[in-house]
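Each chain, letter by letter, is given below.
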Amino acid sequence: MNAKKRTAILISGRGSNMQALAAAARSADFPAEIVLVVSNRPDAAGLEWATANGLATLAIDHMAHATRAAFESTLQDALDAANVELVALAGFMRLMTPAFVRHWRDRMINIHPSLLPSFKGLHTHEQALAAGVRIAGCTVHFVRAEMDTGPIIAQAAVPVLSGDTPATLAARVLEAEHTLYPAALRLVASGQVRCQDDKIVMSEDVKTISSLYSPAI
Ligand code: GRF
């Protein structure tokens, strides 16, 4: 196998997706290696978990930086120092400047808990329930400057059940996230999925995912 892609995970909070990525990366055949976990919030629970589990961690407090660009400059230095090749955003709650996004174009991915392009931004599960959709899900995409946009790498769908609350729907989607994100990182790090002229190109050996209907039929 070619060398594993040196990957940084950026978090702001609990870090359950980071844990899923880190768990996958422990497999010998996984094409990405987690070389750094960065949080913009020093008190992020995920940071503690990452440290306890032997990952290299760094808190870069955005509040200690006067501007978004200053914060990103510190972040970029840390990514460069660790020779990072891929960046995975996992519940990272900071918008990036167009310059930073351009620098990492097609090398930075994000997970969002909706079937994009529906329900961008915050309160996505509330939005889905208010819209009355019967199928919800999550999306992994390459990052572009506009929030929750960019070429879609992979999506997973889950049913919306009667009686769902934002919390129950979030939990069902989160479970799917924990499977989808490692699968998507594997595709990107192995080169089976890449972005060309802003379109996803998938190698022919990528398996298609079975269909989901809600209600079950
Ligand atoms: C996830 O739902 C992710 O899709 C969204 O923020 C949440 C982060 O959760 N971007 P965690 O920190 O990975 O547990």
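Residue positions are given per chain, counted from 1 along the sequence in the order it is written. Only residues with pLDDT of at least 70 get local features here, since the model is predicted, and only at 80 or more are side-chain atom pairs given and counted; chain-wide, interface and lining totals rely on the full set of residues. With hydrogens and water excluded, all non-hydrogen atoms of the structure serve as input to the side-chain values.

Novice: Break down the nonpolar core for me, citing the residues and quoting the values.
Specialist: The biggest cluster of nonpolar side chains holds 44 residues, and the ones touching the most others in it are Ile9, Val37, Ile109, Val140, Ile153 and Tyr181. When residues in this core are grouped by element, the largest group, ten residues, is from helix H6 (residues 166–190). Viewed by domain, this core spans two of them, domain 1 (1–104) and domain 2 (109–217), each represented by three or more residues. Two residues qualify as a contact provided that any one of their heavy atoms is within 4.5 Å of a heavy atom in the partner residue. Once residues within four sequence positions are removed from consideration, Val140 is found in contact with Ile109, Asn110, Ile111, Ile152, Ile153, Ala154, Leu180, Tyr181 and Ala184. Counting residues in each nonpolar core, the second largest holds 21 residues, with Val38, Leu75, Phe92 and Val101 among its members. Grouping buried Ala, Val, Leu, Ile, Met, Phe, Trp, Tyr and Cys residues that are joined through side-chain atoms within 4.5 Å yields what is termed a nonpolar core. For every residue, the accessible area obtained with a 1.4 Å probe (protein chains only) is divided by the maximum for its type, and the residue is called buried under 20%, exposed over 50%, and partly exposed between those limits. Each helix is a run of DSSP H or I of at least 4 residues and each strand a run of E of at least 2, with the numbering of both proceeding from the N terminus. Either an automatic procedure or a domain database provided the assignment from which the domain bounds are taken.

Novice: I'd like to hear about helix H3 (residues 68–81), residue by residue, with values.
Specialist: Here H3 contains 14 residues, and its C-alpha end-to-end distance of 20 Å stays within 8% of the 20 Å for a straight helix at 1.5 Å per residue. Within the sequence span of H3, burial applies to Phe71, Glu72, Leu75, Gln76, Ala78 and Leu79. Buried residues of H3, seen end-on, are gathered within an arc of 160° and therefore sit on one face of the element. Among the exposed residues of H3, those pointing more than 90 degrees away from its buried face are Asp77 and Ala81. Those residues of H3 that are buried are in contact with strand S1 (5–11), strand S2 (32–39), strand S3 (57–59), strand S4 (86–89) and helix H4 (98–103). Note on H3: the residue one or two positions beyond its end, Asn83, has a positive phi of about 50°. Here the expected length of a helix is defined as 1.5 Å per residue gap, with one fewer gap than residues. Here, the arc refers to the directions that run from the helix axis to the C-beta atoms.

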